[in-house]
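Okay, here's what each chain looks like letter by letter:
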Amino acid sequence: MRIYLSPPHMSSKELAYIQEVFESNYIAPTGSFLDRFEESIKHFTNAPFALALCNATAGLHLALRVLGIGEGDKVLVSNFTFIASLAPVLYQKATPILIDADESWQMDLELLEEAMKKERPRALILTHLYGGMADMEEVVALVKKYEVHLIEDAAEALGSTFENQYSGTFGEFGIYSFNGNKLLTTGGGGVLVGKDEKLMQEARKLSAQAKEPGFAWYEHETYGYNYRLSNVLAAIGVAQMEVILDRIAKKRQIFAWYQEELQEFGAFMPELPKVHSNRWLTTITFYDKDPLKIYDALKKEGIESRPLWKPMHMQPAFKDLTLYSKGKSEELFAKGLCLPSGTQLTKEEVQNICHFIKTS
């Protein structure tokens, strides 16, 4: 049987909730499960406002748009991340500036302050990588000191906390992903959370093509986007949110199994003292082994793995962007691998995976 990197894991209620949607005939673009899904996010994270969207990238785009970020503005972004953390900056014709990772694999806060001093950015998109988090106390202090908008890319970190406060709730905005490979999934989807009611109302309006209320016809004073989530997918999200604590506990258990088996062969992504990570993916940098050889060996056994994120400055599309770096992300990319972390994995399966790694 093929073992995937991080496959969906349904609870027992998705089909029943979808059946309710079909019986109501509210498929899209509205319906009671959209409200329930947004309420479940607010209840769990303590975020004041939540907006369900077609994906998390849309959430980043809306956050930048309602903050007025545009051409001529600079936005600091993580260098060691996926392209979706950076692309919305380009949608707004603003300029991304790359900040490297540090020993925690999260954004290097010394480099962050250096860039804030030199670049005078309008905003920071801070990626919480692989479910980890940076020292958010220091991050919040820096954005206040330099008057920079903070947007948290918590796509990989739903349920992770710093000092018992959930990721996505430290900045003006935060986003979560419900893509097929995330901790929880709606098949495709995302949620934008925020603190400012007026800005969140504007984001909601823009997500639905910026239609003006009170008209029999479609009236538009500006342009918007078709970014809303369907009621069907929201129903899946409601069921998924009911098992979030169980999923986090299993992810952390899987991490512990790998650590027990492979601690002599490599270093795992650290967890800062005040952080409780959801451990979305178990990730390792090998001391002596070639991660691509291990990748190939696992693939032959029907086991999916993946190299760590290729840094943005190494991507041909972004090679000319300004970079603040000490070389850490390049090192992580050269040595690292994401290991199968699906929440239906058994200890025996993890041990078998580790056997192939040890003997590769």
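Source: prediction; values computed, not measured.

**Section: the packing of aromatic side chains**
Thinking step 1. Considering all chains together, one arrives at 11 aromatic pairs under this definition.
Thinking step 2. With centroids separated by 5.1 Å and ring planes inclined at 75 degrees, the aromatic side chains of Phe37 and Phe178 adopt a geometry described as edge-to-face. With Phe37 in helix H2 (residues 32-45) and Phe178 in the loop between strand E8 (173-177) and strand E9 (190-194), this residue pair connects regions lying 141 residues apart in the sequence.
Thinking step 3. In this structure Phe178 comes out as buried when scored by relative accessible area, which is 0%.
Thinking step 4. Ring centres of Tyr130 and Trp309 lie 6.2 Å apart, and the angle between their planes is 5 degrees; this geometry places the pair in the stacked category. Separated by 179 residues along the polypeptide, Tyr130 in the loop between strand E4 (123-127) and helix H6 (136-145) and Trp309 in the loop between strand E13 (306-307) and strand E14 (323-324) bring together distant segments of the chain.

**Looking at the sheet that holds strand E6 (residues 161-162)**
Thinking step 1. Taken in spatial order, the three strands make up an open sheet running E7-E6-E11, and their pairing is antiparallel. Looking along the sheet, the strands with just one partner apiece sit at the ends: strand E7 (165-166) and strand E11 (275-276).
Thinking step 2. By the bridge criterion, two bridges tie E6 to E11 in an arrangement that is antiparallel. Paired with Phe162 across the strands is Val275, a residue of E11.

**Remarks on the packing of H2 against helix H8 (residues 231-241)**
Thinking step 1. With their axes 8 Å apart at the nearest point, H2 and H8 run at an angle of 35 degrees to one another. Crossing hand, H2 versus H8: left-handed. Every residue of H8 that contacts H2 at Ser32, Phe33, Leu34, Arg36, Phe37, Ser40, Ile41 and Phe44 is listed here: Asn231, Ala234, Ala235, Gly237, Val238 and Met241.
Thinking step 2. Across the contact of H2 with H8, the residue classes tally to nine nonpolar, four polar and one charged.

**Some points on the nonpolar core**
Thinking step 1. One finds Leu62, Val75, Ile125, Ile151, Phe173 and Leu192 to be the most contacted residues of the largest nonpolar core, which totals 33 residues.
Thinking step 2. Here this core gets seven residues from one element, more than from any other, and that element is helix H3 (residues 56-66).
Thinking step 3. Leaving out residues up to four positions away in the same chain, Leu192 has contacts with Phe49, Ala50, Leu51, Leu53, Gly59, Leu62, Ala63, Phe173, Gly174, Ile175, Met200 and Ala203.
Thinking step 4. Among the nonpolar cores identified, the runner-up in size contains 31 residues, and Val21, Ala47, Leu184 and Val191 belong to it.

**Considerations on the pairing of E4**
Thinking step 1. The element E4 is extensively covered by neighbouring structure, given that five of its five residues are classed as buried.
Thinking step 2. Alternating positions in E4 separate into two faces, Ala123, Ile125 and Thr127 on one and Leu124 and Leu126 on the other, with burial throughout.
Thinking step 3. Summarising the sheet, strand E2 (residues 74-78) and E4 pair through three bridges and their orientation is parallel. For Val77, the partnering residue across the bridge sits in E4 and is Ile125.
Thinking step 4. As paired elements, E4 and strand E5 (residues 149-153) share five bridges and run parallel to each other.

Rules behind the numbers
Residues numbered from 1 in each chain as written. Predicted model: local features only at pLDDT ≥ 70, side-chain atom pairs only at ≥ 80, totals over all residues. Heavy atoms only, no water. Phe/Tyr/Trp six-rings, centres within 6.5 Å; stacked < 30°, edge-to-face > 60°. Helix = DSSP H or I, 4+ residues; strand = E, 2+ residues; numbered from the N terminus. Buried < 20%, exposed > 50% of the residue type's maximum accessible area, 1.4 Å probe, protein only. Pairing = 2+ DSSP bridges. Axes fitted to C-alpha atoms, helices over the stretch in contact; angles between N-to-C directions. Left-handed = near helix turned anticlockwise from the far one by under 90°. Contact = heavy atoms within 4.5 Å. Nonpolar A, V, L, I, M, F, W, Y, C, P; charged D, E, K, R; others polar. Core = buried A, V, L, I, M, F, W, Y, C linked by side-chain atoms within 4.5 Å.

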